[in-house]
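Spelled out, the chains give:
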Amino acid sequence: MRAFKPHLEGLSAYPYRKVEARVKLDQNESPFDLPEDLKARALERMGRMPWNRYPSLDAEEVRQALARRWDWPPEGVVVAPGSNLLIQVLAQAARRVLDTAPSFPHYAHAARLADTPYQAVPLRPEGEGFALELEALLAHFTEGVLFLPNPHAPTGSLFPREAVLALAERAKEVGGLLVVDEAYREFAGVDHRDLARENPHLALLRTFSKAWSLGGVRAGYLLASPRVAAVVQNLLPPFALPVHTAALLLTVLEEPGYVEEVARYVREERERLYRALESHPFWRPYRSHTNFLLVRTPDAEAAFRKLLAHGVLVRRQDHYPLLSGAFRVTVGRAEENQAFLEAAYA
Ligand SMILES: *Cc1c(COP(=O)(O)O)cnc(C)c1O
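Predicted model, so just to flag it, every value in this text is computed and none were measured.

Rules and cut-offs
- Residues numbered from 1 in each chain as written.
- Predicted model: local features only at pLDDT ≥ 70, side-chain atom pairs only at ≥ 80, totals over all residues.
- Heavy atoms only, no water.
- Near = heavy atom within 4 Å.
- Polar contact = N/O pair within 3.5 Å; in protein donor to acceptor, adjacent residues only side chain to side chain.
- Areas by Shrake-Rupley, 256 points an atom, 1.4 Å probe, with all protein chains shown as cover.
- 1 Å grid on protein atoms, 1.4 Å probe; cavity = no way out; pocket = protein on both sides within 12 Å on 5 of 7 lines; lining within 4 Å.
- Sits in = over half its atoms within 2 Å of the grid points.
- Nonpolar A, V, L, I, M, F, W, Y, C, P; charged D, E, K, R; others polar.
- Axes fitted to C-alpha atoms, helices over the stretch in contact; angles between N-to-C directions.
- Helix = DSSP H or I, 4+ residues; strand = E, 2+ residues; numbered from the N terminus.
- Parallel < 35°, antiparallel > 145°, perpendicular 65-115°, else oblique.
- Left-handed = near helix turned anticlockwise from the far one by under 90°.
- Contact = heavy atoms within 4.5 Å.
- Buried < 20%, exposed > 50% of the residue type's maximum accessible area, 1.4 Å probe, protein only.

### Some words on the site of the ligand
Phase 1: What surrounds the ligand is the set Gly 82, Ser 83, Asn 84, Phe 104, Tyr 107, Asp 181, Ala 183, Tyr 184, Thr 207, Ser 209, Lys 210 and Arg 218.
Phase 2: The contact in question runs from an oxygen atom of the ligand to an N or O atom on the backbone of Asn 84, over 2.9 Å.
Phase 3: Protein coverage of the free-state accessible area of the ligand, which is 390 Å², stands at 94%.
Phase 4: With respect to the pocket detection grid, the ligand is positioned in the largest pocket.
Phase 5: Of the residues belonging to the shell around the ligand, the class tally is four nonpolar, five polar and three charged.

Structure (structure tokens):
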């Protein structure tokens, strides 16, 4: 076929397969839907907007609201239907993509889609807490974009601020861009804005899909320098954020109090799950700063099947480097976590 670029032939799809189960703990979603009163207000706001008119070219109102919320210059804010789309656009723009391994799979997938050279530097092994191989990362970061999820997915570990700072300094030195993906920031209480304010070679990627409980809505944003934001904005399609998404985001940005409640609940349940799993005879949980736990087992497939036989769906992670035998369980509501623990010990 001569229609498409040859690098797209035989590219595998994003690795996700839907499985039905009573207790769904496989996608790191918030265990709670948006509070009813906020849903009602958002719906009312949508109803008042004209649906025949195009939305703003670059989600102007939402960008302004985010700029106020995070005390960030509005010219440095880019909003998109999902931070995955921003990852795609950044990988398309990048001269080269640098990643950790294991890592969130969409960085590598996006680089492949864009035919951008890609390289991943392995993390240190579990005995060293899946720490960053900082020297190797610094050495390989000579240009392009480095994606760093912090807290990290899929390990759940949190990298120290000094490591982020060193990589951001390196980005500045070589004229590259460090993108810290803060998808799980609320569960760790981290915020790298102070570092990014001082260094235009550091950008922060954020999502409404996790602690903000809006996985179904598809919305994410980038806090960056105006120069980086302009390039990313330019690669997005015009009018990319639908009016109904904008209405919803403006509503939750007016009343963001529920987010901390979700995060607190998840942190408490995460600690309870971790402690309960510590005494498992064959499984070993790792410390997590996210809304999921990575668990090592002698056989990930057997563990997955056993849990599913009890109606509990988790996500296998044993295809990743360093993670043989591992699966990931999302922290859910107390009764869901209880069902998981009962299945784990059955
Ligand atoms: C969940 C997640 C996201 C969110 O992506 P959206 O497209 O905004 O839903 C981004 N990065 C990481 C590492 C994630 O785990």
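### Brief notes about the packing of helix α11 (residues 257-278) against helix α13 (residues 334-345)
Phase 1: At a minimum axis separation of 11 Å, α11 and α13 run at an interaxial angle of 15 degrees. In terms of axis orientation, α11 runs roughly parallel to α13. Between α11 and α13 the crossing geometry is right-handed. Contacts between α11 and α13 involve Tyr 265, Glu 269, Arg 272, Leu 273, Ala 276 and Leu 277 from the first element and Ala 334, Asn 337, Gln 338, Phe 340, Leu 341, Ala 344 and Tyr 345 from the second.

### Observations regarding helix α4 (residues 105-114)
Phase 1: Buried within α4 are the following residues: His 106, Tyr 107, Ala 108, His 109, Ala 110 and Ala 111.
Phase 2: Among the structural elements, α3 (83-93), β3 (97-101), β4 (118-122), β5 (145-149) and β6 (177-181) are those in contact with the buried residues of α4.
Phase 3: Of the residues trailing α4, Asp 115 is marked for its positive phi of about 60 degrees.

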